[in-house]
Amino acid sequence: MGETDGMPKDAKYLFRLYMALKQYPEAARTAIIIAREEQNAGQYRNAHDVLFNMYEELRKEGIKVPVDMQNNLMILHSYMLVKQHARKGQHLIAARLLIRVANNISKFPSHIVPILTSTVIECQKAGLKTSAFSYATMLLRPEYKNQLDLKYKKKIEAIVRRPDKTEEEETTSPCPYCDFELTDMELSCPECKNQIPYCIATGVHLTKADMGACPKCDFPALYEAFTKFQSGDDSVCPMCSEKVAPGDVVRVQDITKYLNTNFD
Ligand SMILES: [Zn+2]
Ligand SMILES: [Zn+2]
């Protein structure tokens, strides 16, 4: 123990101990606590990696991953993807991911204003003007207004003063369980009520037609999107951080392994 990753040592020790004793529910609970502390301190990468490692360990042991843990990992992962898409000029994906993050803003207590600001900026760039307006309005509340970066203050006030209520409509794709068409970012099917796993490269829900997975961590993704994502300058998997070349992305024919099993 005692690595320099900022994790509280005793919680980490406890986690290892529970794992060694095969007390998996206790280990999972400890991991959630460690991740929450990291998250509250604004250490999102650490929190992500704690949950990811726990997830992998539980999966290896054939144990169901608690829904809480899956949700937290999904939201943190969505946040981690934002920067990479924004940098590549994929503003629509960045904006949609940020909307998901902003809807869970209480999980990012040390960066509420910067994240909401990024949401407004990316939504504006992506043509999601209605969303930009609603998050800009939120930022002008008294509790946030004084923390606004002066660089963006005028812009945000202008968005609220002259509301432009046009919004690019979100594309849809079929639910992999029941084929109901739902918007891409939706992870809960309104028709069959199933939770749908997300693509680790874009955050959208999986579809049967275009399935892939990381050859290292085996997390699922849309094949095309993941391959494209890996062709950038850094070709590490966004989930496990292992090197994955575009040609290494696994094509998945049978999606069932990635469905149901992961959720309670
Ligand atoms: Zn469905
Ligand atoms: Zn991976």
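Preceding block: the structure.
A short tour of the structure in this document, coming up. (Residues numbered from 1 in each chain as written. Chains lettered and ligands numbered in written order. Predicted model: local features only at pLDDT ≥ 70, side-chain atom pairs only at ≥ 80, totals over all residues. Heavy atoms only, no water.)

Further remarks concern the packing of aromatic side chains. Summed over the entire model, instances satisfying the criterion amount to 5 aromatic pairs. Aromatic pair Phe 52 and Phe 219: ring centres 5.7 Å apart, planes at 50°, arrangement tilted. With Phe 52 in helix α3 (residues 44-60) and Phe 219 in the loop between β3 (211-213) and β4 (220-222), the pair connects residues that are 167 residues apart, well separated along the chain. The residues Phe 52 and Phe 219 share a single accessibility class, namely buried. Each residue in the set Tyr 44, Tyr 79 and Phe 108 is aromatic and connected to the rest through ring pairs, giving one cluster. Just above the ring of Phe 229 sits the side chain of Lys 88; from NZ or CZ to the centre is 4.0 Å. Positioned above the aromatic ring of Tyr 223, the side-chain terminus of Arg 251 is 3.8 Å from the ring centre. (Phe/Tyr/Trp six-rings, centres within 6.5 Å; stacked < 30°, edge-to-face > 60°. Helix = DSSP H or I, 4+ residues; strand = E, 2+ residues; numbered from the N terminus. Buried < 20%, exposed > 50% of the residue type's maximum accessible area, 1.4 Å probe, protein only. Lys NZ or Arg CZ within 6 Å of the ring centre and 35° of its normal.)

So, on to the coordination of the zinc ion (ligand 1). The coordination sphere of the zinc ion (ligand 1), as far as protein atoms go, consists of Cys 175 (SG), Cys 178 (SG), Cys 189 (SG) and Cys 192 (SG), spread over 2.3 Å. Each of the 4 donor atoms bound to the zinc ion (ligand 1) contributes to angles spanning 106 to 112°, and the resulting shape is tetrahedral. The sequence motif formed by the donor residues of the zinc ion (ligand 1) is C-x2-C-x10-C-x2-C. Pair noted here: Cys 175 is in the loop between β1 (172-174) and β2 (181-183) and Cys 192 is in the loop between β2 and β3, with a separation of 17 residues, a long-range link. What makes Cys 175 buried here is its relative accessible area of 1%. (Donors = N, O, S within 2.8 Å, 3.2 Å for Na, K, Ca; no water. Tetrahedral: all angles 85-135°; square planar, octahedral: opposite > 155°, others 65-115°.)

Formed by 80 residues in total, the largest nonpolar core has its most connected members in Met 54, Met 69, Ile 200, Phe 219, Cys 237 and Met 239. Per-element accounting of this core gives the leading share, 8 residues, to α3. Apart from the residues lying within four places of it in its own chain, the contact partners of Ile 200 are His 77, Leu 81, Cys 214, Phe 219, Pro 220, Ala 221, Phe 226, Cys 237, Pro 238 and Met 239. (Core = buried A, V, L, I, M, F, W, Y, C linked by side-chain atoms within 4.5 Å. Contact = heavy atoms within 4.5 Å.)

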